[in-house]
Amino acid sequence: MPDTSPPLSPQSLRLFFACWPTAALQQQLHALGVGLRQQIGGRPTRPENIHLTLAFVGDVPAQQLPALQQLAAGITAAPFTLQLQQLGCWPQAAVGWLAPDQTPEPLLQLVQQLNRDLRQAGFRGEKRRYRPHLTLLRKATQGWHSTLETPLCWQVEEFVLVASTLDAHGPSYRIIGRWPLHG
Ligand code: ATP
Ligand code: MG
């Protein structure tokens, strides 16, 4: 019998750049998601999964990893503070989120540099306007918006490269590189 199975594809990784909250902040954010569920329904993101996406890279062969690490090491953006105060839901994406009041300039620079360098290195780069948010709920379909009385303050001092996998329990994320922010 001839072997009809498809050829083994080179090992690939699903990658994105992100800022990763401390475990303590992730717990606070999760509690917020649990509260928000009463307003808009949905399923809270597991605490350890809560993050701020900077740039989505997508599926790439594992041998591209050194190029991405080199690219990340060349980024120059200052640390910044996020004042997280806006709670809302995008019904079409079915996502409930927490977002900063304003996008700090260093965060914009970080995202723009990542996308520019990703495109230059032959990866996909985002062209849509960046809308920073932390997903607190999935499958939340009710349009909604409110402002937290007291903002959550997040001092962001580094960014990370994350590998994402999907199994029966949903997505799980593994941090595979960290770089400090410096101006
Ligand atoms: P799932 O797709 O199973 O719901 P997920 O979206 O959390 O899980 P990924 O699809 O690997 O996992 O995405 C990782 C991160 O990148 C998430 O924050 C996601 O919102 C973001 N992301 C995914 N696809 C894109 C895309 N096409 N453009 C921009 N960001 C994306
Ligand atoms: Mg996804």
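Residues numbered from 1 in each chain as written. Chains lettered and ligands numbered in written order. Predicted model: local features only at pLDDT ≥ 70, side-chain atom pairs only at ≥ 80, totals over all residues. Heavy atoms only, no water.

## As for the site of ligand 1
The full set close to ligand 1 counts 13 residues, and R14, H51, T53, S164 and Y173 are the nearest of them. Contact between ligand 1 and H51: an oxygen atom at 2.7 Å from a side-chain N or O atom of the residue. T53 is positioned such that a nitrogen or oxygen atom in its side chain is 2.4 Å from an oxygen atom of ligand 1. Protein chains bury 69% of the 590 Å² of accessible surface belonging to ligand 1 in isolation. Comparing atom positions with the cavity grids shows ligand 1 to sit within the largest pocket. (Near = heavy atom within 4 Å. Polar contact = N/O pair within 3.5 Å; in protein donor to acceptor, adjacent residues only side chain to side chain. Areas by Shrake-Rupley, 256 points an atom, 1.4 Å probe, with all protein chains shown as cover. 1 Å grid on protein atoms, 1.4 Å probe; cavity = no way out; pocket = protein on both sides within 12 Å on 5 of 7 lines; lining within 4 Å. Sits in = over half its atoms within 2 Å of the grid points.)

## A look at unusual backbone geometry
Phi at A94 takes a positive value of approximately 60 degrees, unusual for a residue other than glycine. Turning to its location among the elements, A94 is positioned in the loop between β4 (80-90) and β5 (95-100). Of note in this structure, K139 is not a glycine but carries a positive phi near 60 degrees. Among the secondary structure elements, K139 is positioned in the loop between β6 (134-138) and β7 (144-156). K139 gets classed as exposed once you look at its relative accessible area, which sits at 60%. (Helix = DSSP H or I, 4+ residues; strand = E, 2+ residues; numbered from the N terminus. Buried < 20%, exposed > 50% of the residue type's maximum accessible area, 1.4 Å probe, protein only.)

## Observations regarding the pairing of β4
Along any regular strand the residues' side chains alternate between the sheet's two faces. Among the 11 residues of β4, eight are classified as buried, and the element is accordingly described as predominantly covered. The pairing of β4 with β7 spans nine bridges and is classified as antiparallel. Within the sheet, the bridge partner assigned to L82 lies in β7 and is W154. Hairpin connection from β4 to β5: four residues lie between these consecutive antiparallel strands, with A94 at a positive phi of about 60 degrees. (Pairing = 2+ DSSP bridges.)

## Quick look at the pattern of salt bridges
Summed over the entire model, instances satisfying the criterion amount to five salt bridges. In this structure, E48 and R46 form a salt bridge, with 3.3 Å as the shortest nitrogen-oxygen distance. A relative accessible area of 42% means that E48 is categorised as partly exposed. With a shortest N-O distance of 3.0 Å, R128 and E126 are connected by a salt bridge. (Salt bridge = Lys/Arg side-chain N within 4 Å of Asp/Glu carboxyl O.)

## A few points about the side chain of T45
One can find T45 in the loop between β2 (43-44) and β3 (52-61). Owing to a relative accessible area of 12%, T45 belongs among the buried residues under this scheme. Contacts of T45, omitting those with residues within four sequence positions, involve H30, I50, T135, L136 and L137. (Contact = heavy atoms within 4.5 Å.)

## Focus on the nonpolar core
Counting residues in hydrophobic clusters, the biggest one holds 46 residues, and the most contacted among them are F17, L54 and F159. Residues F16, A18, W20 and V160 belong to the second largest nonpolar core, which totals five residues. (Core = buried A, V, L, I, M, F, W, Y, C linked by side-chain atoms within 4.5 Å.)

## Examining the layout of surface pockets
Where empty space is left becomes clear once a probe the size of a water molecule has been rolled over the atoms. Looking at the largest pocket, its volume works out to about 1,100 Å³. Residue contributions to the lining of the largest pocket peak at six residues, all from β3. For the lining of the largest pocket, a count of residues per class yields 15 nonpolar, eight polar and nine charged. Here the second largest pocket is characterised by a volume of approximately 240 Å³. Taken together, 13 residues line the second largest pocket, and the ones lying closest to its centre are R43, T45, N49, R138 and P171. Those elements giving two or more residues to the lining of the second largest pocket turn out to be β2, β6 and β9 (170-180). Counting residues per element, the lining of the second largest pocket draws most heavily on β9, at three residues. Broken down by class, the residue content of the lining of the second largest pocket amounts to four nonpolar, six polar and three charged. (Points joined across faces, edges and corners; volume = space filled by probe spheres on them. Nonpolar A, V, L, I, M, F, W, Y, C, P; charged D, E, K, R; others polar.)

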